[in-house]
Amino acid sequence: MKYKAFQFLENGYIEAIDQRKLPFQKEPFLLKTSDDAFYAIKEMVVRGAGVIGNIGAIGVYLAALESRGDKHHVEWQSELLRHARPTAVNLTWAIDRMLTKLKNNKNGNSIEPLKKEAIQICEEDKENTIAIGKHGFLLIEDIWKRNGKKKVNILTHCNAGYLGIVDSGTALAPIYEAKKNGIDIHVWVDETRPRNQGSNLTSWELSQEGIEHTVIVDNTGGLLLQKKLVDIVFVGADRVTAKGDVANKIGTYLKALAAHDNNVPFYVAFPVSTFDFLLSDGLSEVEIELRGEEEIKYVHGLDSKGNYKKVLVTLADTKVANYGFDVTPNRLITGLITEKGICGANEDAIRKKYLN
Ligand code: MRU
């Protein structure tokens, strides 16, 4: 991959790509303190379930770095980080791993062990995305072989690429693998209002990697599915229940409904750490993030002179509701792709594969 969502610097700090500025500017955002990590997650400097888990873990390490040996400071900051965003379980999963490390560290100074653990979490994600790519690729290859080696059209929602989880993403990982293997692919990229992760981030990522794609507004997917212009749908996930219900970016459910109605396979790709085995019914049990009204009321972009502008698109006092995620019930999902392979989105298959 051409870029990484973030990297460790020689001096022990972390440099992330400021995703709020893409695709117009690629600017670094420096993380030196645990408050920087909290801010980066909360304000979506970085986003995507995997990366916010990574930055959460890094935030705990940064808390140790600034703590002068005060364990309570690390614990306190960890709880703040845990609550920076509610829906992606990867954040709380990563914080718990870091706190376990902190608790089990009997050698006094916890900086190095916590740094090592944060790096380990990132390394594991990297390996997982590579494995997800290989499993998901087989689905694309199968379609390609069955349709006489013609171009395979893939629909994706939001950004589940390397900006969302290191190193090659989840939903985009099979696409990158297909490209590597010389399969002719085209990606329909949902714009993903209100924050435009599709048109701003996924489109940027695919451009960097030379993958043919077309951005569509969020309401277009239904028509494309009806017209058989989509062969397969890949999306990522923020939390997956023991029954296989999937919380992901708002709008995912509508794509799953349309895919189901048109017999188009709908796959969800994520690392095993995105499972929340404590939950069963996604709709009633997953906390859906509610975000500020600014995201809906304003759009951002460049004017004709290339100057960055923010424009109000409703009346200033119009009431809006900004639900960040929705839940796709398992019955609409063809399969779940993790680093361990592909399985059905149902309780039995999940239990057999992951809980035995
Ligand atoms: O609000 P975001 O941009 O953090 O939401 C991201 C998504 O919904 C992604 O699809 C999901 O996190 C998977 S990325 C590995």
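These lines cover the structure that appears in this document, whether it is placed above or below. In this text, all values refer to a predicted model and were calculated from it rather than measured experimentally.

Turning our eyes to something else, we now look at the site of the ligand. What surrounds the ligand is a group of 17 residues, the closest being Arg 47, Ala 49, Arg 85, Asn 248 and Lys 249. Between an oxygen atom of the ligand and a side-chain N or O atom of Gln 197, the distance comes to 2.8 Å. Here the ligand, which alone exposes 410 Å², has 99% of that area covered by the protein. Of the pockets mapped on this structure, the ligand occupies the largest cavity. Per-class residue counts for the shell around the ligand are 7 nonpolar, 6 polar and 4 charged. For the shell around the ligand, the domains that each give at least three residues are domain 1 (6-124) and domain 2 (130-355).

Strand order in the open sheet made by the 3 strands is β1-β2-β3, with antiparallel pairing throughout. Strand pairing shows two members of the sheet lacking a second neighbour, β1 (6-8) and β3 (28-31), which therefore form its edges. Each adjacent strand pair in this sheet contributes to an overall mean axis angle of 20 degrees, direction not counted. The sheet contact formed by strand β2 (residues 14-17) and β3 spans 4 bridges and is antiparallel. Across the sheet, the residue bridging to Glu 15 is Leu 30, located in β3.

Its place among the elements puts Asp 238 in the loop between β7 (232-235) and β8 (239-241). Look at Asp 238: it is buried, it has no salt bridge, and the nearest opposite charge is Arg 85 at 6.1 Å. In this structure, Asp 238 is in contact with Ala 49, Thr 87, Ala 88, Val 89, Asn 90, Ala 247, Asn 248, Lys 249, Thr 274 and Phe 325, ignoring residues within four places of it in sequence.

Time to look at the side chain of Gln 77. Mapped onto the elements of the fold, Gln 77 is located in helix α3 (residues 71-82). The residues touching Gln 77, leaving out its near neighbours within four places in the chain, are Ser 34, Asp 35, Ala 63 and Glu 66.

On to empty space enclosed by the protein, then. With the rule as written, the count across this model stands at 2 cavities of 30 Å³ or more. By volume, the largest cavity is sized at about 210 Å³. What lines the largest cavity is a set of 25 residues, and nearest its centre among them are Arg 47, Gly 48, Ala 49, Asn 159 and Asp 238. Elements represented by at least two residues in the lining of the largest cavity include exactly α2 (49-66) and β9 (246-249). When its residues are assigned to classes, the lining of the largest cavity shows 10 nonpolar, 11 polar and 4 charged. A domain split of the lining of the largest cavity shows at least three residues from each of domain 1 (6-124) and domain 2 (130-355). Its boundaries defined by the atoms lining it, the second largest cavity holds a volume of some 60 Å³. Lining the second largest cavity are Met 44, Arg 193, Pro 194, Arg 195, Gln 197, Lys 249, Ile 250, Arg 291, Glu 295, Asn 322, Tyr 323 and Gly 324. Taken together, the residues of the lining of the second largest cavity break down into 4 nonpolar, 3 polar and 5 charged.

Below, the discussion takes up the sheet that holds β7. Taken together, 7 strands build an open sheet; the order of strands is β6-β5-β4-β7-β10-β15-β16 and the sheet is mixed. The sheet terminates laterally at β6 (213-216) and β16 (341-343), the two strands that pair on one side only. Pairwise comparison of adjacent strand axes, ignoring direction, gives a mean angle of 25 degrees for this sheet. In the sheet, strand β4 (residues 152-156) pairs with β7 via 3 bridges, with the strands oriented parallel. Looking at β7, one finds that Thr 156 is bridged to Phe 234. Contacting β4, β5 (185-190) and β6, helix α7 (residues 197-208) runs over the sheet at an angle of about 160 degrees to β5.

So, how was this worked out
Residues numbered from 1 in each chain as written. Predicted model: local features only at pLDDT ≥ 70, side-chain atom pairs only at ≥ 80, totals over all residues. Heavy atoms only, no water. Near = heavy atom within 4 Å. Polar contact = N/O pair within 3.5 Å; in protein donor to acceptor, adjacent residues only side chain to side chain. Areas by Shrake-Rupley, 256 points an atom, 1.4 Å probe, with all protein chains shown as cover. 1 Å grid on protein atoms, 1.4 Å probe; cavity = no way out; pocket = protein on both sides within 12 Å on 5 of 7 lines; lining within 4 Å. Sits in = over half its atoms within 2 Å of the grid points. Nonpolar A, V, L, I, M, F, W, Y, C, P; charged D, E, K, R; others polar. Domains from an automatic or database assignment. Pairing = 2+ DSSP bridges. Helix = DSSP H or I, 4+ residues; strand = E, 2+ residues; numbered from the N terminus. Axes fitted to C-alpha atoms, helices over the stretch in contact; angles between N-to-C directions. Buried < 20%, exposed > 50% of the residue type's maximum accessible area, 1.4 Å probe, protein only. Lys, Arg positive; Asp, Glu negative; His and termini not counted. Salt bridge = Lys/Arg side-chain N within 4 Å of Asp/Glu carboxyl O. Contact = heavy atoms within 4.5 Å. Points joined across faces, edges and corners; volume = space filled by probe spheres on them.

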